[in-house]
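Listed below, chain by chain, are the residues.
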Amino acid sequence: MNKLSGKDYVKCIIAFGTAPTLRGKKPSSILTLKKQRKNVYYIWNRYKEEICSELGLDYYELVKRQDSVSVLFYRKESLELHLSDAKNKNYLENIGYEKNISFDNKLRLLRRRYSNICPHEMGIFLGIPAEDVCGFVKHQGKNCILCRYWKVYNNPIEAQKLFDNFDYARKIVIQEVIKEYNVA
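Reading guide: rules and limits
- Residues numbered from 1 in each chain as written.
- Predicted model: local features only at pLDDT ≥ 70, side-chain atom pairs only at ≥ 80, totals over all residues.
- Heavy atoms only, no water.
- Helix = DSSP H or I, 4+ residues; strand = E, 2+ residues; numbered from the N terminus.
- Rg over C-alpha atoms; globule rule 2.2 N^0.38 Å.
- Buried < 20%, exposed > 50% of the residue type's maximum accessible area, 1.4 Å probe, protein only.
- 1 Å grid on protein atoms, 1.4 Å probe; cavity = no way out; pocket = protein on both sides within 12 Å on 5 of 7 lines; lining within 4 Å.
- Points joined across faces, edges and corners; volume = space filled by probe spheres on them.
- Nonpolar A, V, L, I, M, F, W, Y, C, P; charged D, E, K, R; others polar.
- Axes fitted to C-alpha atoms, helices over the stretch in contact; angles between N-to-C directions.
- Parallel < 35°, antiparallel > 145°, perpendicular 65-115°, else oblique.
- Contact = heavy atoms within 4.5 Å.
- Patch = residues over 30% accessible without salt bridge, like charges linked within 9 Å, V, L, I, M, F, W, Y side chains within 5 Å.
- Areas by Shrake-Rupley, 256 points an atom, 1.4 Å probe, with all protein chains shown as cover.
- Salt bridge = Lys/Arg side-chain N within 4 Å of Asp/Glu carboxyl O.
- Phe/Tyr/Trp six-rings, centres within 6.5 Å; stacked < 30°, edge-to-face > 60°.
- Lys NZ or Arg CZ within 6 Å of the ring centre and 35° of its normal.

Caption draft 1: Summary view of the overall build of the protein chain. When helices and strands are counted, the protein chain shows nine helices and five strands. For 184 residues, the compact-globule estimate of 2.2 N^0.38 gives 16 Å, and the C-alpha radius of gyration of the protein chain, at 17 Å, lies within 12% of that figure. Projected onto the principal axes, the alpha-carbon positions of the protein chain cover approximately 45 × 35 × 30 Å. Out of the 184 residues in the protein chain, the part that is buried amounts to 44%.

Caption draft 2: Quick peek at the layout of surface pockets. Put simply, the largest pocket is a space of about 460 Å³. Along the walls of the largest pocket sit 20 residues, with Gly123, Leu126, Ile128, Tyr149 and Trp150 positioned nearest its centre. If you list the elements that add at least two residues to the lining of the largest pocket, you get strand S1 (28–34), helix H7 (122–125) and helix H8 (130–138). Considering every element that reaches the lining of the largest pocket, the biggest residue donor is H8, with four residues. Classifying every residue of the lining of the largest pocket gives twelve nonpolar, four polar and four charged. The computed volume of the second largest pocket comes to approximately 190 Å³. Taken together, Lys11, Cys12, Ala15, Leu22, Arg23, Glu54, Leu55, Val173, Glu176, Val177, Glu180 and Tyr181 make up the full set of residues lining the second largest pocket. Considering each element in turn, the lining of the second largest pocket owes the most residues, five residues, to helix H9 (residues 156–181). Of the residues contributing to the lining of the second largest pocket, the split by class is seven nonpolar, no polar and five charged.

Caption draft 3: A look at the packing of helix H4 (residues 76–84) against helix H5 (residues 86–94). Two elements in contact, H4 and H5, have axes whose closest approach is 5 Å; the angle formed by their N-to-C orientations is 75 degrees. By the criterion of interaxial angle, the relationship of H4 to H5 is roughly perpendicular. On H5, the residues touching His82, Leu83 and Ser84 of H4 are Ala86, Asn88, Lys89 and Leu92. Per-class residue counts for the contact of H4 with H5 are three nonpolar, three polar and one charged.

Caption draft 4: Here's a closer look at a nonpolar patch on the surface. On the surface, Phe16, Ile174 and Ile178 cluster together into a nonpolar patch covering about 230 Å² of accessible area. Its location among the elements puts Ile178 in helix H9. Overall, the relative accessible area of 34% leaves Ile178 in the partly exposed class.

Caption draft 5: Focus on the packing of aromatic side chains. On inspection of all chains with the given rule, the structure shows eight aromatic pairs. Measuring from ring centre to ring centre gives 5.1 Å for Trp44 and Tyr59, while their planes differ by 85 degrees; the resulting arrangement is edge-to-face. Placement of Trp44 in helix H3 (residues 36–55) and of Tyr59 in strand S2 (residues 58–64) is noted, with a sequence separation of 15 residues between them. In this structure, Arg170 packs its charged tip against the face of Phe16, placed 5.1 Å from the ring centre.

What follows is the structure, encoded as structure tokens:
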């Protein structure tokens, strides 16, 4: 990938970072794009619409700073469906998301809450099971029974299956990048 430059380089970074979302295994992914190394931040600002269109992703900039931007990448239909799941909906309502809040307003509220610190509900948006988000809060991030993509407090067998699916999605995306850009 380091052989690539400009838009192609940033597109590949995003494809790899969002692979589980691209492959339909996760409702969304978050990446922070920075000015360092090949000025990813500048390239993102210039080509974000094209990149996301080519990848088939929607995006929402949660925090934009002078030298970085944190972006939530998703497919709207998938994320809406995930957030409407009873456990996820209940969790969000219990922490202040109104009962019938629109999808766009959920993103706006997440952005407001994310501006200072990553709020716990980010886990819900990213597809972490509500039980694990609650376990993280309850145990203050300690005493998990498994830790990979997130700290697992409930159902480690199911979590491991998801982790394996995420790893496989990344493998597939890497193979696609190698094929598309001939960067082996």
